[in-house]
Amino acid sequence: MLFQKWILSLGRYMQLLGRTFRKPENFRMYYRAFMSDLELLGLNSLGIVSVISIFVGAVVTIQTAFNLDDPLVPDYYIAIATRESIILEFSPTIISLILAGKVGSNIASTLGSMRVSEQIDALEVMGVNPASYLIAPKILALVFFNPILIMLSMFLGMIGGYLASLGGVMSVEDFAYGLTVDFNAYHVSYAIMKTFVFAFLIVSISGYFGFYVKGGAIEVGVNATKAVVSSSVAIIVSNYILTQLLLV
Amino acid sequence: MIAVKQIHKSFGEHQVLKGIDATFYHGKTNLIIGQSGSGKTVFLKSLVGLHEIDQGEIEYNGQALGSLNTKERKSLRTEMGMVFQGNALFDSLTIEENVTFALSMFSGMSVSEKRDRAQFCLERVNLPNVGSKFPSELSGGMQKRVAIARAISMNPKYLFCDEPNSGLDPKTAIVIDKLLQEITEEFGMTTVINTHDMNSVIEIGDHIIFIKEGKKAWQGTGEDILDTESPEIVDFVYSSELFKRIRRNKA
């Protein structure tokens, strides 16, 4: 029964994606929606991403230093571990999970409110494809901006580590040296590839839960929660699959 | 003209529309009346294609809605305007942007042409100076008039209104009724209004169909409705003390 329900939801999700990627009625209107979504989903997330990245970068450095407290292990290994943790996992995956909460609940509740107040029906009666007009610009906006946010997060994470080293965890010189030792640029490419997929999953899954809300305010809340949970699970599962495909 | 032939619509086990036949005439205010839960809104939403019907046919000037492909249906929809029960104004857009939304999407008009059209539509509903405001800054009656202005912005052939008087005081409700009647004649539209407001029925009902439990129980004009002996209509129309008194005086 549960499996049947899941298959049914997957079918509706694929159907919605089919409706989302149709030819726009008017490119200028879609471009305007894209620019507005870029601000709403991307620029407005800069603050939270920056704060979290700096502090987590600092904490990762301190914890790594605490765990590698061995005279046989050079101090710059702490910086290597911090760099790899941030590039490979923290910035692409954890920041995407945080965005799934922030951006996903925003998308699901906005579309859900539009559904219950008949604004989506109004678009449909006008002859506008609501799935395409409301979801496609959001997908494009986050797929475009998520890699920028993640790159920024990587940079700020390392700044956080540097600030921690200033606090006396290790020498600043060792930290700076460690960041450059054995640096593999492919790891950054791998992280960026993941963020494209995560951005797509966050918006499309949240859009699905918002678009098909039935009922009133309570159902909007319930679906916003489902959107966050489902997109988070999708990120975690796809993270494993992508890692297996791209790193192993 | 819109012709409806034997339409059925169910939601799961619950059958809402049970074979309705109806005709909605060009240039007239056609009313659908009935008690709450009788299937009026489902019927109206089926007419515009928001609900896919299970059985039957809906024809717009002889063209069956069900036989249209996506492109043809989109094209037909640009000839429709709809006023929703809760207005359904886009709350992130200004009033002017709401009114010009469909024009921006489909018309290819210049900014100044769109602005002129919005001004014309808003003046037509007696709201000339609200273009820069947001829907939340207006009263319920004003929002309803903006919804009407938005619905007529594309010069539609068909206008659908779902309970346009709900939540309005009697005086504002009469203003909205009169406005709908005037624009129907002025724009030569086929207007279909869903209501259970008896004032509307008597004031503007050119052609009325009465729905009871998903079936058409009666049809006639605003004049006929006061004289009919149909038990369903008598029960519905004369349910209030005021109308009972009118009936007694008439007798």
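In this convention, every chain numbers its residues from 1, walking through the sequence in written order. To label them, take the chains in the order written and letter them from A, then take the ligands in the order written and number them from 1. The model is predicted, so local features are restricted to residues of pLDDT at least 70 and side-chain atom pairs to those at 80 or more, both for listing and for counting; the totals for chains, interfaces and linings are taken over all residues. Where side-chain values are given, they derive from all heavy atoms of the structure, hydrogens and water being excluded.

**Focus: the overall build of chain B**
Argument step 1. Secondary structure summary: chain B contains 10 helices and 10 strands in total.
Argument step 2. Rg of the C-alpha trace for chain B: 18 Å, near the compact-globule value of 18 Å for 251 residues, within the 12% margin.
Argument step 3. With a 1.4 Å probe rolled over the protein chains alone, any residue whose accessible area is under 20% of its type maximum counts as buried; one over 50% counts as exposed, and the rest are partly exposed. Residues classed as buried in chain B amount to 52% of the 251 residues present.
Argument step 4. A separation threshold of at least 6 residues defines the contact pool for chain B, and within that pool the share at least 24 residues apart is 66%.
Argument step 5. Per-residue and other accessible areas were derived by the Shrake-Rupley procedure at a 1.4 Å probe size, with only the shown protein chains allowed to occlude residues. Only carbon and sulfur atoms are counted for the fraction: they give 47% of the accessible area of chain B, which is about 11,300 Å².
Argument step 6. Here chain B carries 29 positive and 33 negative side-chain charges, and the mean point of each set is 1 Å from the other. A helix here means a DSSP run of H or I that spans at least four residues, while a strand means a run of E at least two residues long, and both kinds are numbered starting from the N terminus. Computation of the radius of gyration draws on C-alpha atoms, with the globule rule given as 2.2 Å multiplied by the number of residues to the power 0.38. Should any heavy atoms of two residues lie within 4.5 Å, those residues are counted as being in contact. Note on charges: Lys and Arg go in the positive column, Asp and Glu in the negative column, and His and the chain ends are not counted at all. Think of each charge as sitting on NZ of Lys, CZ of Arg, CG of Asp or CD of Glu.

**So, the overall build of chain A**
Argument step 1. Regarding its fold elements, chain A presents 9 helices and 0 strands.
Argument step 2. Tracing chain A from N to C terminus, the helices and strands come up as α-α-α-α-α-α-α-α-α.
Argument step 3. Counting only C-alpha atoms and orienting by the principal axes, one finds that chain A spans roughly 70 × 45 × 30 Å.
Argument step 4. Looking at the 248 residues of chain A, the share that counts as buried comes to 50%.
Argument step 5. In chain A, the share of contacts with a sequence separation of at least 24, taken over all contacts with a separation of at least 6, comes to 86%.

**Regarding the sheet that holds strand β2 (residues 14-24) of chain B**
Residues and elements named next belong to chain B.
Argument step 1. Taken together, the 4 strands give an open sheet; going across it, the order is β2-β1-β4-β5, and neighbouring strands pair in antiparallel fashion. Here the strands that pair on one side only, and so sit at the sheet edges, are β2 and β5 (63-64).
Argument step 2. The pairing criterion for strands is at least two bridges between them, as found by DSSP. In the sheet, strand β4 (residues 55-60) pairs with β5 via 2 bridges, with the strands oriented antiparallel. Of the residues in β5, the one forming a bridge with E59 is A64.

**With respect to the domain arrangement of chain B**
Residues and elements named next belong to chain B.
Argument step 1. Note that the domain bounds reflect an automated or database-derived domain assignment. When its domains are assigned, chain B resolves into domain 1 (2-79 + 158-250) and domain 2 (89-155).
Argument step 2. Once you take the C-alpha centre of each, domain 1 and domain 2 turn out to be 25 Å apart.
Argument step 3. Contact residues are listed per partner, giving 15 residues for domain 1 and 14 residues for domain 2.
Argument step 4. Considering only the surface of domain 1 that becomes buried against domain 2, T78, L179 and F187 emerge as the three largest contributors, covering 40% of it.
Argument step 5. The salt bridge criterion pairs a side-chain nitrogen of Lys or Arg with a carboxyl oxygen of Asp or Glu, the two atoms within 4 Å. At the surface where domain 1 touches domain 2, the tally comes to 2 salt bridges.
Argument step 6. A salt bridge links R124 to E182, with the shortest nitrogen-to-oxygen separation between them at 3.2 Å.
Argument step 7. Two N or O atoms form a polar contact when they lie within 3.5 Å of each other; inside protein one atom must be a possible hydrogen donor and the other a possible acceptor, and for residues adjacent in sequence the pair counts only when both atoms belong to side chains. Counting every contact that joins domain 1 to domain 2 gives 2 residue pairs in polar contact (both at pLDDT 80 or more).
Argument step 8. Ranked by the residues each element gives to the side of domain 1 that touches domain 2, the list is headed by helix α6 (residues 170-187), at 8 residues. Note on definitions: buried area is the accessible-area loss of two parts on being combined, 1.4 Å probe, summed for both.

**Quick notes on α6 of chain B**
In an α-helix, one turn spans 3.6 residues, which is why side chains three or four residues apart end up on the same side.
Residue and element names in this part refer to chain B.
Argument step 1. Expected span, for any helix, means 1.5 Å times one less than how many residues it has. Taking 1.5 Å as the rise per residue, α6 with 18 residues should run 26 Å; its terminal C-alpha atoms sit 26 Å apart, in good agreement.
Argument step 2. Buried within α6 are the following residues: A173, I176, D177, L179, L180, Q181, I183, T184 and F187.
Argument step 3. Of the residues that open α6, the one with a side-chain oxygen 3.1 Å from the backbone nitrogen of K171 is D169.
Argument step 4. In the stretch just after α6, G188 is the one whose phi turns positive, near 60°.

**Describing the side chain of N146 of chain A**
All names here are of chain A.
Argument step 1. Structurally, N146 can be placed in helix α6 (residues 130-166).
Argument step 2. When its relative accessible area of 0% is taken as the criterion, N146 is described as buried.
Argument step 3. Residues contacting N146, with those up to four places away along its chain left out, are S96, L99, T195, F198 and A199.

**Notes on helix α3 (residues 95-106) of chain B**
Argument step 1. Across the 12 residues of α3 of chain B, 9 count as buried, placing the element largely inside the fold.
Argument step 2. Residues of α3 of chain B that are buried include every one of I95, N98, V99, T100, F101, A102, L103, S104 and M105 of chain B, and no others.
Argument step 3. Next to the buried residues of α3 of chain B lie α2 (27-42), α5 (119-126) and α6 of chain A together with α4 (111-124) and α5 (140-152) of chain B.

**Here we look at unusual backbone geometry**
For residues other than glycine, phi is negative in most cases, and the peptide bonds are mostly trans.
Residues and elements named next belong to chain B.
Argument step 1. Phi at N61 is positive, roughly 50°, even though this residue is not glycine.
Argument step 2. Phi is positive for N87, close to 75°, though the residue is something other than glycine.
Argument step 3. Within the secondary structure, N87 sits in the loop between β6 (80-83) and α3.
Argument step 4. Overall, N87 belongs to the buried group, its relative accessible area being 7%.

**A few points about the pattern of salt bridges**
Argument step 1. In the structure shown here, the tally under the stated rule is 16 salt bridges over all chains.
Argument step 2. One salt bridge connects E124 of chain A with R19 of chain A, and the closest N-O pair in it is separated by 3.8 Å. With a gap of 105 residues between them, E124 of chain A in helix α5 and R19 of chain A in helix α1 (residues 2-20) connect regions that are remote in the sequence.
Argument step 3. Owing to a relative accessible area of 22%, R19 of chain A belongs among the partly exposed residues under this scheme.
Argument step 4. Across the pair E118 of chain A and K45 of chain B runs a salt bridge, and its minimum N-O distance is 2.8 Å. Here E118 of chain A, found in the loop between α4 (76-116) and α5, pairs with K45 of chain B, found in helix α1 (residues 40-47), and the two come from separate chains.
Argument step 5. Bridged by salt links that share partners, the residues R115, E118 and D121 of chain A together with K45 of chain B form one connected network.

**Quick word on the packing of α6 of chain A against helix α8 (residues 185-211) of chain A**
Residue and element names in this part refer to chain A.
Argument step 1. Between α6 and α8, the shortest axis-to-axis distance is 8 Å and the interhelical angle comes to 150°. Handedness of the crossing formed by α6 with α8: right-handed.
Argument step 2. Among the residues making up the contact of α6 with α8, the classes are represented as 20 nonpolar, 4 polar and 1 charged. Note on geometry: axes are lines fitted to C-alpha atoms, helical ones only across the stretch in contact, with angles between N-to-C directions running from 0 to 180 degrees. Note on convention: the crossing is left-handed when the near helix lies turned anticlockwise from the far helix by less than a right angle, right-handed when the turn is clockwise. The residue classification treats Ala, Val, Leu, Ile, Met, Phe, Trp, Tyr, Cys and Pro as nonpolar and Asp, Glu, Lys and Arg as charged. All others, Gly included, are polar.

**Observations regarding the confidence of the model for chain A**
Argument step 1. Across chain A, pLDDT averages 95, with 100% of residues at or above 70.
Argument step 2. What pLDDT expresses is the predictor's confidence in each residue, scored from 0 to 100. Taking the mean pLDDT of every element in chain A, the minimum, 93, falls on helix α7 (residues 172-180) of chain A and the maximum, 97, on α8 of chain A.

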